[in-house]
Every structure is written in structure tokens, then in C-alpha cells.
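Report on the structure
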Amino acid sequence: MSATPRSTRSKPKNPGSQSALRQLNQQRIIETLMGGPATQAELARQTGLSTATISNIVKIMQDAGLASTEPITSSGRRALNVRLNSNGAVAVGIDFGRRHLRVVLASLSYHVIAEESVLLPLGHQAEEGIRAAVGLLDKLLQESGVDRTLVVGAGVGIPGPIDRRTGTVAQGAILPEWVGINILHHLEETLKIPVFVDNDANLGAWSEVTWGPHSGVSNLMFLKIGSGIGAGLILNGAPYYGTVGITGEIGHATIHEHGLVCRCGNRGCLETIASTTTMMELLGRGEDPPLTPADIVRKALARDSATLRVVDDAGLAVGRALGNVANLINPEVIVVGGPLAGLGDLLLDPIRRGLIRHAVPVIGETTTLTMSSLGDRAEALGAAALVFQHAGIRRA
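Bear in mind the structure is a predicted one, so any value in this text is a computation, not a measurement.

1. Here we look at the overall build of the protein chain
Helix and strand content of the protein chain: 13 helices and 16 strands. Compactness check: the protein chain gives a C-alpha radius of gyration of 22 Å against a globular reference of 21 Å for 396 residues, within 12% of the reference. Seen through its C-alpha atoms, the protein chain measures out along the principal axes to roughly 75 × 45 × 40 Å. Relative to its 396 residues, the protein chain shows a buried fraction of 54%. Taking the intrachain contacts of the protein chain between residues at least 6 apart in sequence as the baseline, contacts between residues at least 24 apart amount to 65%. Looking at the protein chain as shown, the accessible area adds up to about 17,100 Å², and 50% of this sits on carbon and sulfur atoms. The averaged location of the 35 negative side-chain charges in the protein chain is 6 Å from the averaged location of its 35 positive side-chain charges.

Encoded structure:
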């Protein structure tokens, strides 16, 4: 993939302070070195920093284990070549959900160093979720023995549209308590590192062409089925964001004109039929404690007749919506992800029937439909890859 996601990025606080300036300069050096080793003189030319500044920051990075140096001869003169230690620099991937939080630490060689997920209370505020993310990140750094100075940035996935003009969570997010929040500002205040924010479905698509098996695919759609339903699009080898960054809202495609009222204000949206929330409501009447997506997977695999019917109905509705989208963009691959990935063909088969029925025959026949091999890690892994891609490094 040659294009970099156009995610929303934070700006450093107090840019004139000495510590902020040093951090910014170090980040510029790291981003330059991600393109390959360079001499200190070359770093000075490429970054515009003085040779003294380069020398000081390289020494700090070397002491921290982030970079290594070796003397070489360049143009007949002695020089000091600098390279990043692939096991040193670390990217953070954070995935916020309606009920969950997942944090991943990954090396520049695309190796997962540590990861953990925790439950969040339904209806949690942004500040509460961010505090939980900071606490979990600190825990993973400590347990894995990774110094915080080695963290080069954090990618963050949000389950809802993000207005790229303002960096705020837009109306329609599955976390209504987060709407209007400038998530970049809040994350930057607490994490103190470069931050890149994107919609979780976009990150799911990005994970499939970086961590996943679809690196050679130029036209891919990632469909996340969870509390909400959203799609991430890779078109002609690049993530597609539209005008203001709000794309892939397939969960609000009308399936039944006189159906249930959706949280978006319309009736009969796909989310009112096929989201995990709807499935749990249909199957969980009288259940205590309430069902979870994992329970849906477990009951379906156990061949529970009611669960199989609900999954089949949901799959057909999803397939109908996908058929309409496929007719427009003609994707090569559609990847289904989210907490129901463990259902496998039990979910894919009805989706495929719906897709073939509602897509133009040649499109239905030539579109590959598959379940994500990354499971519920896809969005967090895509968030980590977001950091790598913005810095210009690609998986070897």
C-alpha cells in the first residue's frame, strides 16, 4: 500500500517549551530514520536541524536504546551513521469501544510486544475511557519492560465518525457521550506523545492491508459488526475519507422503511436489524446476566436454533446492504470483523446469500467475502499501523 491514511493528528502542547521542542525534534529525526539509516549530516539536511541539535538528540536516543550508531566513510570523510533499533521504537494502538478498551504495544517490525483488553461501563464518558487507556498503557509498559521514551506515537480508534475539520467526534457515534469532544486534545493532554485518531472501521481496513493477509489488495472493504455497524474503505490502494472524513456509515442504510427507529433518527437502519445490540436484545429476554457478543458466538456454535435464526436474519440484511455498496465500488475483497468473527461461516453464509442476491451478478461472483483473521484485535492493530504509516515505515 503506497498511500498513508489521512488521519487526524494532534499538535504538541506548549510548542515553544524546551521539552516540547526536544520531543518535536526527536520525532522529526525518528520519522526521517524510518525511511532508512542516515548520517548525522544527512539528518541535519533533511530535518533542517543544526548538527549540534542532531548530535544531542541522537545521543539521547542512543542512551534510551531507540537508535544505534556506527562510524562510516561518506564522500571520503568520516561520518556517524544512525539507525533505529527495530526492537526499540514502539507504537501504541488503542481501540475504544462502547463496552471495551484494547491497548496494543507493537515494534517497528510489526511484532506485538504486549496487549490487553478490559471492559468499560456502558455509557462511559470520554474522560473515563481515556483515564482507563492511560492506566492500561502504563501497566503494559511496566510489565513488558518498555521505557516510555521509546514510544513514538499512539494510534487511536473511535467507534463513530470523526469530523476531520475539527478533530471532534461527530453526531452518530455509538458513544453519544463522546459527541462534540475534541478527542485529540484530550488524548494529547494525557498521553504526551504524537497521537493519530481515526474511525475504528477505517483502522480495521488498514489492519487488513498491513497486519493481515491482504497487502496486495487495492480495493477492499472492512465491515465491522458490533454495537454499531460501520465500514472502512481502501479504494485504489488508499483509504477513502470523503470530504470531511465521514464515510462507511453503512449501518444507517435503510433496510426496512417502516422498521424500528434508529438512534440516527431514521427508521429501519441496518443497525436496528443486525447489530450485536439488537441480537442480544432479541436473544436475551429473561436472561440474567444479560447476553454478550461472546454468548451469541457460543450459542450459535452450539447450534441453538433461536440464535442461528437471529444470526441468519442479520446476515441476510448485511448482505443486502453490502450488495448495494458493491454495486457502487466493485471491491475485490470484503472482510467482516468485530466480536462475531468467531461465527465464521455461520455468519458469512447468509451474508454471501444476501450479497449475491442484491449485487449485479458479475460483481457478486467476483467479490471475495471473508472473515477477518485478526479477530477483535483488528482495530487496535490498525491503530498501531497508523503510527508506522504516518512515519513512512511499511511492513517488510
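Text resumes after the structure shown.
2. So, the sheet that holds strand 16 (residues 368-371)
Strand order in this open sheet of five strands is 14-13-12-15-16, and the pairing throughout is mixed. Only two strands of the sheet have a single partner each, and these edge strands are strand 14 (238-239) and strand 16. Here six bridges tie strand 12 (residues 220-225) to strand 13 (residues 229-235), and the two strands are oriented antiparallel to one another. Within strand 13, the position partnered with Lys224 by the bridge is Gly230.

3. Structural notes on the packing of helix 9 (residues 293-301) against helix 10 (residues 305-329)
Contact geometry of helix 9 with helix 10 gives a least axis separation of 8 Å together with a crossing angle of 115°. Between helix 9 and helix 10, the angle is such that the two are roughly perpendicular. The way helix 9 lies across helix 10 gives a crossing that is left-handed. On helix 10, the residues touching Ile296, Lys299 and Ala300 of helix 9 are Thr307, Leu308 and Val311.

4. Side note on the pairing of strand 7 (residues 112-119)
With seven bridges connecting them, strand 6 (residues 100-107) and strand 7 associate as antiparallel partners. By the bridge assignment, Leu101 is partnered in strand 7 with Val118. Once strand 6 ends, the chain turns through four residues before running back antiparallel as strand 7, passing Tyr110 with a positive phi of about 60°.

5. A closer look at the pairing of strand 15 (residues 333-337)
For strand 15, the tally of buried residues reaches five of five residues, placing the bulk of the element in the interior. Looking at chain direction, strand 12 and strand 15 are connected through five bridges and run parallel. Paired with Met221 across the two strands is Ile334, which belongs to strand 15. Pairing analysis gives four bridges linking strand 15 to strand 16, with the strands arranged parallel. The residue bridging Val333 from the neighbouring strand is Thr368, located in strand 16.

Here is what the cut-offs are and how they apply
- Residues numbered from 1 in each chain as written.
- Predicted model: local features only at pLDDT ≥ 70, side-chain atom pairs only at ≥ 80, totals over all residues.
- Heavy atoms only, no water.
- Helix = DSSP H or I, 4+ residues; strand = E, 2+ residues; numbered from the N terminus.
- Rg over C-alpha atoms; globule rule 2.2 N^0.38 Å.
- Buried < 20%, exposed > 50% of the residue type's maximum accessible area, 1.4 Å probe, protein only.
- Contact = heavy atoms within 4.5 Å.
- Areas by Shrake-Rupley, 256 points an atom, 1.4 Å probe, with all protein chains shown as cover.
- Lys, Arg positive; Asp, Glu negative; His and termini not counted.
- Charge placed at Lys NZ, Arg CZ, Asp CG, Glu CD.
- Pairing = 2+ DSSP bridges.
- Axes fitted to C-alpha atoms, helices over the stretch in contact; angles between N-to-C directions.
- Parallel < 35°, antiparallel > 145°, perpendicular 65-115°, else oblique.
- Left-handed = near helix turned anticlockwise from the far one by under 90°.

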